[in-house]
Amino acid sequence: MSYVAPQEFATKMIDAGESKIFMSTKDTLIRSYMAGAILALAAAFAVTIAVNTGNFLIASVLFPVGFCMLYLLGFDLLTGVFTLAPLAVIARRPGCTWGGVFRNWGLVFCGNFAGALTTAVFMAIIFTMGFSQEPNAVGQKIGQIGEARTLGYAAAGWAGLLTVFIRAVMCNWMVSTGVVAAMMSNSVSGKIMAMWMPILVFFYLGFEHSIVNMFLFPSGIMLGGEFTWFDYLAYNEIPVVFGNLVGGLTFVGGMIYATHYKTSPKRNAGYEKAPVSVPAE
């Protein structure tokens, strides 16, 4: 699988962050739109599997197919650029500024949201026969998910907001590990294997992913979920975005940068190695 050592892919991470900062507006929006649409389709796929089989583990095992597709096609998720783009500024790459990072984040957020919303509309049409019938079993489940992960958090007050935030931190710890893991190999099969593992973990444990939620909650509202856009934004999307930012930038980008790119001298660096004695013949 042509394994790439951490010291090498740490530089790749910074290169990727620099590339995203300087990417044109058109390319950034198209790539983020397609990423949001594909990941949303994978979420619909996973919910359908869970409803039809009654087994959430099977759904979790198969959900990463969407992440792998969008990554291999070179599309961008907000969770990934949260981790990569700041590294180019921290590493002082020429021309890379925080203004450029915030511009990238804003464009990717808009593109991801538009793509996820497009898929949400398409799937709502499918689940309701063009809004002419009540939602099918999958559509009803999506509405229930929306209620549980907005009103459920709201009912718990500050404890609910803390919980959704921590779930979002843990989510992008895993998702950004998937982004970085793909850099560990130069082969398609190696990239897919490396990405699959952390994405499976995040999905099965029910962590909060801002782009997946851009599909689930608007779709849930369209399908009759008893919660509002305010509930979605206030009790889920906004705290989840901030949690994803903290999780990806600290536990993945920051840690790899600190130990593999900015490696500290070894403790015996100041000592000369003892000469090796060669026994006389």
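Each remark here, short or long, concerns the structure printed above.
Structure report, in brief. Each chain has its residues counted from 1, running along the sequence as written. It should be noted that, the model being predicted, local features are given only for residues of pLDDT at least 70 and side-chain atom pairs only at 80 or more, the latter also being counted only at that level, while totals for whole chains, interfaces and linings use all residues. Calculated side-chain values reflect all of the structure's heavy atoms, with hydrogen atoms and water omitted.

Okay, the overall build of the protein next. Counting from the N terminus, the helices are DSSP H or I runs at least four residues long and the strands are E runs at least two residues long. Secondary structure assignment for the protein yields 12 helices and 0 strands. Tracing the protein from N to C terminus, the helices and strands come up as α-α-α-α-α-α-α-α-α-α-α-α. Taken over the C-alpha atoms alone, the protein extends approximately 90 × 45 × 40 Å along its principal axes. Across the protein, the fraction of contacts at a sequence separation of at least 24, relative to all contacts at a separation of at least 6, is 83%. Note on areas: these come from Shrake-Rupley sampling with a 1.4 Å probe, and a residue is covered only by the protein chains present in the view. Working note: accessible area of the protein is about 13600 Å², and carbon and sulfur atoms make up 68% of it. For the protein, the distance from the average site of its 15 positive side-chain charges to the average site of its 13 negative ones is 8 Å. Every residue pair with non-hydrogen atoms within 4.5 Å of one another is taken to be in contact. In summary, the charge assignment counts Lys and Arg as positive and Asp and Glu as negative, without counting His or the chain termini. In this description, the location of a charge corresponds to atom NZ of lysine, CZ of arginine, CG of aspartate or CD of glutamate.

Even without a glycine there, the phi angle at Met129 is positive, about 50 degrees. Among the structural elements, Met129 can be located in the loop between helix 6 (98–127) and helix 7 (137–148). In this scheme, a residue with accessible area under 20% of its type's maximum is buried, one over 50% is exposed, and one in between is partly exposed, where area comes from a 1.4 Å probe on protein chains only. When its relative accessible area of 55% is taken as the criterion, Met129 is described as exposed. Despite not being glycine, Phe131 shows a phi value in the positive range, around 65 degrees. Along the polypeptide, Phe131 turns up in the loop between helix 6 and helix 7.

The subject of this paragraph is a nonpolar patch on the surface. Residues enter a patch when their relative accessible area is above 30% and they make no salt bridge; the linking distance is 9 Å between like charges and 5 Å between nonpolar side chains (Val, Leu, Ile, Met, Phe, Trp, Tyr). We define a salt bridge as a contact between a side-chain nitrogen of Lys or Arg and a carboxyl oxygen of Asp or Glu at a distance within 4 Å. On the surface, Phe45, Phe56, Leu57, Ile58, Val61, Leu62, Val65, Met69, Leu73, Val201, Tyr204 and Leu205 cluster together into a nonpolar patch covering about 980 Å² of accessible area. By relative accessible area, Met69 is classed as partly exposed at 43%.

Once that is clear, we can look at helix 11 (residues 210–222). Given 3.6 residues per turn, any residue in an α-helix points the same way as the ones three and four places further on. Multiplying 1.5 Å by the helix residue count minus one yields the expected span of that helix. If you check helix 11, its first and last C-alpha atoms are 18 Å apart, about what 13 residues at 1.5 Å a residue would give, namely 18 Å. Burial within helix 11 is extensive, with 11 of its 13 residues counted as buried. Of all the residues in helix 11, the buried ones are Ser210, Ile211, Val212, Asn213, Met214, Phe215, Leu216, Phe217, Pro218, Ser219 and Gly220. The elements touched by buried residues of helix 11 are helix 2 (25–53), helix 5 (78–90), helix 6, helix 7, helix 10 (188–204) and helix 12 (229–261). Immediately downstream of helix 11, the backbone of Gly224 shows phi near 95 degrees, a positive value.

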